[in-house]
There are 2 protein chains.
Amino acid sequence: MTLDEARALDRTDPLARFRDRFALPDGVIYLDGNSLGPLTHASRAAVADCTTRQWGDRLIRSWNEGWIDAPQRIGAKLAPLLGAHPHEVIAGDTTSANLFKALVAALRIDPKRRVIVSELGNFPTDLHIAEGAVACVPGAELRAVPRAQLADALGPDTAVLLLTHVHYKTAERFDMAAWTRAAHDAGALAVWDLSHSVGAVPLDLDGANADLAVGCTYKYLNGGPGAPAFLYVAERWQERLESPLSGWMGHAEPFSFTDRYQPGPGMKRWLVGTPPMLAMASLEAALDLWAEVEMATLATKSAQLFDILAAAGDALGLDCVTPRDPTLRGSHISFRHPHAYALAQALIARGVIGDFRDPDILRLGLTPLYLSHEDVWRAGEHLRGAIEAKEWQEARHQRRLAVT
Amino acid sequence: MTLDEARALDRTDPLARFRDRFALPDGVIYLDGNSLGPLTHASRAAVADCTTRQWGDRLIRSWNEGWIDAPQRIGAKLAPLLGAHPHEVIAGDTTSANLFKALVAALRIDPKRRVIVSELGNFPTDLHIAEGAVACVPGAELRAVPRAQLADALGPDTAVLLLTHVHYKTAERFDMAAWTRAAHDAGALAVWDLSHSVGAVPLDLDGANADLAVGCTYKYLNGGPGAPAFLYVAERWQERLESPLSGWMGHAEPFSFTDRYQPGPGMKRWLVGTPPMLAMASLEAALDLWAEVEMATLATKSAQLFDILAAAGDALGLDCVTPRDPTLRGSHISFRHPHAYALAQALIARGVIGDFRDPDILRLGLTPLYLSHEDVWRAGEHLRGAIEAKEWQEARHQRRLAVT
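Predicted model, so just to flag it, every value in this text is computed and none were measured. (Residues numbered from 1 in each chain as written. Chains lettered and ligands numbered in written order. Predicted model: local features only at pLDDT ≥ 70, side-chain atom pairs only at ≥ 80, totals over all residues. Heavy atoms only, no water.)

A.B. asks: Can you break down the UniProt feature "modified residue: N6-(pyridoxal phosphate)lysine" (unreviewed entry) in chain A residue by residue, with the values?
C.D. replies: All names here are of chain A. Here the UniProt feature "modified residue: N6-(pyridoxal phosphate)lysine" (unreviewed entry) sits at K219. By the secondary structure assignment, K219 is in the loop between β7 (212-215) and β8 (230-233). Judged by relative accessible area, which is 2%, K219 ranks as buried. From its side chain, K219 meets the backbone oxygen of N34 in a polar contact 3.4 Å long. (UniProt positions renumbered as here; feature names shortened; annotations may be inferred. Helix = DSSP H or I, 4+ residues; strand = E, 2+ residues; numbered from the N terminus. Buried < 20%, exposed > 50% of the residue type's maximum accessible area, 1.4 Å probe, protein only. Polar contact = N/O pair within 3.5 Å; in protein donor to acceptor, adjacent residues only side chain to side chain.)

A.B. asks: Can you lay out the sheet that holds strand β3 (residues 115-119) of chain A for me, pointing to particular residues and giving the numbers?
C.D. replies: Residue and element names in this part refer to chain A. The mixed open sheet is built from 7 strands, whose spatial order is β2-β8-β7-β6-β5-β3-β4. Both edges of this open sheet fall to β2 (89-91) and β4 (141-145), since each of them pairs with a single strand only. Going from strand to strand, the sheet's axes swing by 20 degrees on average, the running direction of each strand aside. Sheet analysis places β3 next to β4, joined by 5 bridges and oriented parallel. Across the sheet, the residue bridging to V117 is R143, located in β4. Relative to the sheet, helix α7 (residues 176-185) contacts β5 (158-164) and β6 (189-193), its axis offset from that of β6 by approximately 145 degrees. (Pairing = 2+ DSSP bridges. Axes fitted to C-alpha atoms, helices over the stretch in contact; angles between N-to-C directions. Contact = heavy atoms within 4.5 Å.)

A.B. asks: Break down the domain arrangement of chain A for me, citing the residues and quoting the values.
C.D. replies: Residue and element names in this part refer to chain A. Here the domain parsing of chain A yields domain 1 (3-30 + 294-393) and domain 2 (46-290). The distance between the C-alpha centroids of domain 1 and domain 2 comes to 29 Å. Facing the 26 residues of domain 1 at the interface are 18 residues of domain 2. For the pairing of domain 1 and domain 2, the buried interface totals around 1,700 Å² over both sides, and the portion due to carbon and sulfur atoms is 63%. If you sort the residues of domain 1 by the area they bury against domain 2, M295, G330 and H332 come out on top, with a joint share of 26%. (Domains from an automatic or database assignment. Buried area = accessible area lost by both parts, 1.4 Å probe.)

A.B. asks: Now, about the packing of aromatic side chains: what can you tell me, with residues and values included?
C.D. replies: All chains considered together, the criterion is met by 23 aromatic pairs over all chains. Aromatic side chains F174(A) and W179(A) sit 5.7 Å apart centroid to centroid with 80 degrees between the ring planes, which places their arrangement in the edge-to-face category. Ring centres of F257(A) and Y168(B) lie 5.3 Å apart, and the angle between their planes is 40 degrees; on these two criteria the pair is classed as tilted. With F257(A) in the loop between α9 (235-238) and α10 (277-290) and Y168(B) in the loop between β5 (158-164) and α7 (176-185), this residue pair bridges two chains. Residue classification places Y168(B) among the buried positions, given a relative accessible area of 3%. Through pairs of rings, three or more aromatic residues link up here, namely F123(A), Y168(A), W248(B), F255(B) and F257(B). When the ring centre of F18(A) is taken as reference, the NZ or CZ atom of R17(A) above it lies at 4.3 Å. The ring of F306(B) has R329(B) sitting right over it, with the charged end atom 3.4 Å from the ring centre. (Phe/Tyr/Trp six-rings, centres within 6.5 Å; stacked < 30°, edge-to-face > 60°. Lys NZ or Arg CZ within 6 Å of the ring centre and 35° of its normal.)

A.B. asks: So what about empty space enclosed by the protein? Which residues, and what values?
C.D. replies: Inspection of every chain in the model, using the stated rule, returns 7 cavities of 30 Å³ or more. Quantified by volume, the largest cavity comes out at close to 340 Å³. What lines the largest cavity is a set of 29 residues, among which G92(A), D93(A), T94(A), P276(A) and T94(B) lie closest to the centre. When the residues that make up the lining of the largest cavity are grouped by side-chain class, the tally is 19 nonpolar, 8 polar and 2 charged. (1 Å grid on protein atoms, 1.4 Å probe; cavity = no way out; pocket = protein on both sides within 12 Å on 5 of 7 lines; lining within 4 Å. Points joined across faces, edges and corners; volume = space filled by probe spheres on them. Nonpolar A, V, L, I, M, F, W, Y, C, P; charged D, E, K, R; others polar.)

A.B. asks: Any details on the relation of the copies chain A and chain B? Residues and values, ideally.
C.D. replies: Applying a rotation about an axis and a shift along it to one chain copy brings it onto the other copy. Least-squares fitting of chain A to chain B yields an RMSD of 0.0 Å, with the superposition described by an axial translation of 0.0 Å and a rotation of 180 degrees. Taken together, the rotation and translation describe the operation of a two-fold axis. Across chain A, the smallest distance between a C-alpha and the rotation axis is recorded for C136(A), namely 2.2 Å. Comparing interface residues between copies, 100% of those in chain A also lie at the interface in chain B; the contact surface is shared. (Least-squares fit on C-alpha atoms with pLDDT ≥ 70 in both.)

A.B. asks: Can you tell me about unusual backbone geometry, naming the residues and giving the values?
C.D. replies: Residue D358(A) is joined to P359(A) through a cis peptide bond whose omega torsion reads -5 degrees. Position of P359(A) relative to the elements: it lies in the loop between β12 (355-357) and β13 (361-365). Although it is not a glycine, A171(A) adopts a positive phi angle of roughly 75 degrees. Note that A171(A) resides in the loop between β5 and α7. What makes A171(A) buried here is its relative accessible area of 0%. Even without a glycine there, the phi angle at L59(B) is positive, about 55 degrees. Within the secondary structure, L59(B) sits in the loop between α2 (41-57) and α3 (70-82). The exposure class assigned to L59(B) is buried, which follows from its relative accessible area of 0%.

A.B. asks: Pulling in residues and values, what's your account of the interface of chain A and chain B?
C.D. replies: At the interface, 85 residues of chain A touch 85 residues of chain B. In this assembly, chain A packs against chain B so that about 7,200 Å² is buried in total across both faces, 67% of it on carbon and sulfur atoms. The largest share of the area that chain A buries against chain B comes from W55(A), I60(A) and F257(A), three residues that together contribute 11% of it. Taking the shortest distance from any N to any O, the salt bridge between E131(A) and R260(B) comes out at 3.8 Å. Secondary-structure elements contributing two or more residues to the side of chain A that touches chain B are α2 (41-57), α4 (95-107), α5 (124-134) and α10 of chain A. (Salt bridge = Lys/Arg side-chain N within 4 Å of Asp/Glu carboxyl O.)

Here it is, written out as C-alpha cells:
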C-alpha cells in the first residue's frame, strides 16, 4: 500500500470522526491501545465533574445521586459490547478479583466436578487466579494444557473451561460458540476472559450460551489506567451461584447492617466493596462513546489496518504470529523477532508506541477509533526504517513498558 | 460553651491552618467526614494531572514513571498513620477484598485452629467477608459473639481474632494492645479493621504487635469516594502467608509472564490486579497533607469538638452512646433517638450533614482538620433547634444517606 492509498481510505473512513474525541499527544502514533487505551475528552470532563462537583460539592449526597448504582448502570452500558443483557453485567473490582469470584462459584456447583481446564500460556493472571481458586475448594485442581490438547482435557471431572478469548501475545481468537459448546458437551461451564476482545471484536456471550465472563476496560474501551473490570454472569446462573467475596455491597440490603450475609438478587450479589467512583466516572464516559460505534464497521477497519502492517512485515520478512484470517484474531498484530525488546524501544524513540512481550514478541495494537490508515502506514515505514538500520543495536535498555 | 468560647478556641487552634486545604461547599457544616472525607485541593490537582498529563500525554509510559510502584509508595505514606513500617503496608483493592486475603491466609496457618472470633454488630462487611473466608478453608467457622463474650470465645481452636478497632455506630474503641495480647495468649492472630480509626485516633500496630490489619481511606483520610483500601501485614508474617487472591501483580516477576504463580517478596505478594491510578492519585495527594499532621494535636482537638456536641446533647437530654472517655472512642459522636433517621434529614435541611445508622443512631463525625469549634458549636445549635421544633415530623423520607 502507498501513502496515497492509505489517505484515500481515510477520506471515506466512517470512523474517522471519532479521532477528535481523543486527547492523543502530538508526535505519537499510538499502537498500544490494547494495553492502555488513550484519554477521551469525555473521560477528562467526567473525572473533573466527579471530583469537583460530585465529590467536592455534593459530598456524601452523591451516593444517592448516581454513585450507588454505578456498577449496574455501567454494566448495562457494557452489555451491548459483550452481546449480553443489561442485567447480566456489572463493572467493578479487577479482572483478577472477578475471575476469582467466577471460578470459585463455578467449582462449587457439583462436587463431582473439580477441575478447571485452561491453556498453558494463557494470560498469567488467569492461571494464577485459577491456582488461588482451586485452593479454596476441596479437591479442586487446575489442569493447564497446550491449546491442541484442550478438547481432550475436558471430561466428566471438568467443572470449568477457562479460556482467554483473544490471546494477549498472538491475538489468536477462540471460536466462542464452539468452545462453549464443547464445555457444555462435557458437562462443564465456559468462563471467558474477554480482556483483549471487548471493544476489539464483535462479541455475543448470550448467543454463544456462555456461562460467565470477565474482562478489562482499560484497553480497547479506554476506561482509564486500572479502570474497573467487569463480570458477566448469564441470567440462569446469577442466583444459583454465590460469590466467595461476600462483601457488604453484595448484600440484599447493605444498609440494614445485619450480621448474617444475605446475597442480593441478580448481579447485585457479585458486588464486593465500595465502588471507586473517580475510576467509574472515567469508564462510564468512555463507554458513552462506544454507544455510537457499529462493531461491524470497527471490524472492517481493524482488518484494513492489520493488512497495512502485515504487508509491511511481509516486505521485511518478519515472522507474523497473528492469524491472517480476521475471524481468527483480535485487533492487534504481533511479530516474533530476536531483538523484539530493543526493536520496541527503537520504535518508541521514533514516536511509534507499541510494546514488547516476553521473550520475543513485538506487539502492535490496531484501534480503529483513533488510528487512521495513514498513521498505521507511517508506523509500517518506521518499522522498516528501524529494521533496515538495525536500530535495536542502539536502543537503550530501559525498564519494560508493560501492564497488559 | 458559648459561641465566644468556641471562637476563642479557634483563634489558638494549631490545626486551623488546614481548613483552606479543603474544597468544602459554602453553607454546609460537614459532620460526615467519617463516611466520605471531603475533597482537598491537592487531590483535585493530582487527579487532573493524572488524567491529563500522566494518562493523556504520557500514556503507557506512565507505568514506568511512578504508576507501577504506587501501591507500595502509597502504603509507605500510610504507614506512619498506622504505627507501621513503610514496607508493611500497601494501598489497593477494597477493605472487603483485603480482609478476605488476610482471613483466608491466617486460617491456613494451623490446621488445628479453624475459628474466626469476631463481634456481633461488627461492621457488616467484616462478618460477611469472614463468612466467605471460612467457606474457603475446610472445617473453618465464624464465631461471632457479643462484645462481653469475646474473651471467653478465644480458645485453642481460634485462628483469628477479628475486631473493628473503632465501632462504626457507637465509636467505642478497643484497646488494641490488650486485645492483641489476648489473641496471642490464646495462640491466635489479631486482625484489625481500622476503617474508623485511621486519621481519627493515634495508632500503633507495630507497638501493639498486631498481625494483620485492613482499612479504608475514604473516611478520615479524605482519599476520595471508593478510594483504594490498605492492607498491613506485620513483617514477620509477610512471607509466611500467601494471598488467596494470587493475581499477577503479586507475582515475583509479573512481566516474565510465567504459567506458575510465584508469590513476590514482602508485601508485593498481596497485590492482585492493575492498580486504579486515578483513585490512587487522589489518595496519594490526600495523604501528603497528613504528613504535616501531629496525631496528638488532632486527638486533643477531636476531644474538644466532642465535648461541644456532647454538652449540646446533654442539655437536650439526648442518649449519647459514645464513651465520654476520649481514650475509649474514635472521632465521632452518636446519639440514640427514636426518630434518628428523620432527625438526620432535618439537620441536612439546615445544612448540617451527618448521617443515620439503622435503626436509631444519629452519627456525627468530628474531623479536626476542617471543622472549627464554631462549626461544631453551630451544629449543636441546629441540633437543639431541630429537636425543640420536632422537625423530624416534617422531614421528608428520602432514600438513606449511606456508605460508611
